[in-house]
Amino acid sequence: MKNSIYKGLVYTLSLGVFLLFLYLVYWQTDNDILFPAPHDSISTFFNLLGKANTYLVILASLGRLILAIIISFLVGGILGILAVRFSFLELFLKPWITIFRSVPLASIIVIIMVLLGLNNSIYLIVMLVLAPISYESFLNGLKSLDRYQMMALRLDGGYTFKSLFKVVLPLAYPFIKVAFISSVGLGIKVLIMAEFICYTDNSIGRSIKIAADNLEYNYVFAWTLIALLFDLILEGIPIIAYKLKNIKK
């Protein structure tokens with residue numbers, strides 16, 4: 001209980017310092033157009049939350065993100081499991097993973113936009129960024145498993161569909177959880193940037209671009225707050241679900 005109160009106080013202090021920093025920038029800029037007052041952005045944030053169209057935009061971006069994360073996890077997970085079993089595949093994929101992790105995001109977005117067009121680019125852009133993270137998390141998670149447990153598993157028939165979900169993946173859960181949290185945070189950033197550049201219909205990225213083009217930076221910050229809230233909720237879902245599962249046990 002005391003630890004929770006302490007954490008809450010520290011988080012509150014941290015948010016207070018950040019808010020103070022924003023006000024210092026606002027006072028230093030002294031220009032409501034270039035940098036609106038934080039309380040104006042917060043007011044705009046609540047104003048957006050009161051509009052039905054805001055939730056349609058959020059749901060559209062959420063759908064794109066969830067689909068991209070699911071496909072990225074499936075591709076990365078399957079390749080990670082196979083790479084643990086077959087060392088040749090791990091060596092073969094290593095240059096690919098290095099390339100996709102090193103290439104600037106702007107280059108990826110531009111190249112894919114040229115090849116696929118604006119409407120079809122979003123999913124592939126996000127997947128190419130997230131799939132390497134999922135792959136390395138599954139690979140490292142499975143490699144870190146206790147070798148005696150894995151030897152016992154091999155004696156029982158090796159990787160079967162049942163043992164994979166009953167034994168292997170639960171043991172590798174800490175790595176998978178980190179991969180999911182990283183994928184959500186990074187995925188939202190990549191998705192919104194791609195939506196911004198591709199001017200995707202019904203998207204947070206397009207809403208930010210329209211606000212920026214109209215010099216309505218209070219709306220830019222308000223949509224940024226919505227994206228941040230969006231991120232916190234998605235990251236918290238698996239953590240809360242895991243804790244509830246343990247409580248029931």
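Anyway, here's the lowdown on the structure attached to this text. (Residues numbered from 1 in each chain as written. Predicted model: local features only at pLDDT ≥ 70, side-chain atom pairs only at ≥ 80, totals over all residues. Heavy atoms only, no water.)

1. Quick notes on the environment of Arg64
Here comes step 1: For Arg64, the location among the structural elements is in helix H3 (residues 52-85).
Here comes step 2: Arg64 sits 62 residues away from Val126 along the chain, and the two C-alpha atoms are 9.2 Å apart.
Here comes step 3: Contacts of Arg64, omitting those with residues within four sequence positions, involve Ile122, Tyr123, Leu191, Glu195, Thr200, Asp201, Asn202 and Ser203. (Helix = DSSP H or I, 4+ residues; strand = E, 2+ residues; numbered from the N terminus. Contact = heavy atoms within 4.5 Å.)

2. Concerning the environment of Leu228
Here comes step 1: Secondary-structure assignment places Leu228 in helix H11 (residues 217-248).
Here comes step 2: Put simply, Leu228 and Lys189 are 39 residues apart on the chain and 9.6 Å apart in space, counted from C-alpha to C-alpha.

3. Let's talk about the pattern of salt bridges
Here comes step 1: This model, assessed by the stated rule, comprises three salt bridges.
Here comes step 2: Asp201 is the partner of Arg206 in a salt bridge, and the nearest nitrogen-oxygen pair spans 2.2 Å.
Here comes step 3: Overall, Arg206 belongs to the partly exposed group, its relative accessible area being 22%.
Here comes step 4: Classification of Asp201 by relative accessible area gives partly exposed; the value is 49%. (Salt bridge = Lys/Arg side-chain N within 4 Å of Asp/Glu carboxyl O. Buried < 20%, exposed > 50% of the residue type's maximum accessible area, 1.4 Å probe, protein only.)

4. Digging into the environment of Leu56
Here comes step 1: You can see Leu56 is positioned in helix H3.
Here comes step 2: With 146 residues separating them along the chain, Leu56 and Asn202 place their C-alpha atoms 7.2 Å apart.

5. Some points on the packing of H3 against helix H4 (residues 87-102)
The axes of two packed helices give the description: the angle between them and the distance between them.
Here comes step 1: It is at 5 Å that the axes of H3 and H4 come closest, and there the two elements cross at 125°. When the axes of H3 and H4 are compared, the pair comes out oblique. Packed against H3, whose contacting residues are Leu79, Leu82, Ala83 and Arg85, the element H4 presents Ser87, Leu89, Glu90 and Leu93 at the interface.
Here comes step 2: Split by residue class, the contact of H3 with H4 holds five nonpolar, one polar and two charged. (Axes fitted to C-alpha atoms, helices over the stretch in contact; angles between N-to-C directions. Parallel < 35°, antiparallel > 145°, perpendicular 65-115°, else oblique. Nonpolar A, V, L, I, M, F, W, Y, C, P; charged D, E, K, R; others polar.)

6. A word on the packing of H4 against helix H6 (residues 121-143)
Here comes step 1: Direction vectors running N to C along H4 and H6 enclose 135°, while the axes themselves pass 10 Å from each other. By the angle between their axes, H4 is oblique relative to H6. Every pair of crossing elements has a handedness; the one defined by H4 and H6 is left-handed. When H4 is examined against H6, the residues Glu90, Leu93, Ile97, Phe100 and Arg101 are found in contact with a partner set consisting of Leu128, Pro132, Tyr135, Glu136, Leu139 and Lys143.
Here comes step 2: In terms of residue class, the contact of H4 with H6 is built from seven nonpolar, no polar and four charged. (Left-handed = near helix turned anticlockwise from the far one by under 90°.)

7. A few points about helix H2 (residues 38-49)
Here comes step 1: With 12 residues, H2 extends 17 Å from end C-alpha to end C-alpha; this agrees with the ideal 16 Å at 1.5 Å per step.
Here comes step 2: What H2 keeps buried is the set Pro38, Ser41, Thr44, Phe45 and Leu48. Summarising the axial view, the buried residues of H2 lie within an arc of 120°, below the 170-degree limit, and thus occupy one face. (Expected span 1.5 Å × (residues − 1). Arc of directions from axis to C-beta.)

8. Looking at a nonpolar patch on the surface
Here comes step 1: On the surface, Leu19, Ile42, Phe46, Leu225, Leu228 and Leu232 cluster together into a nonpolar patch covering about 540 Å² of accessible area.
Here comes step 2: Secondary-structure elements contributing two or more residues to the nonpolar patch are H2 and H11. (Patch = residues over 30% accessible without salt bridge, like charges linked within 9 Å, V, L, I, M, F, W, Y side chains within 5 Å. Areas by Shrake-Rupley, 256 points an atom, 1.4 Å probe, with all protein chains shown as cover.)

9. Side note on the side chain of Thr54
Here comes step 1: Its location among the elements puts Thr54 in helix H3.
Here comes step 2: Classification of Thr54 by relative accessible area gives buried; the value is 3%.
Here comes step 3: With residues up to four places along the chain from it excluded, the contact list for Thr54 reads Leu48, Trp223 and Ile226.

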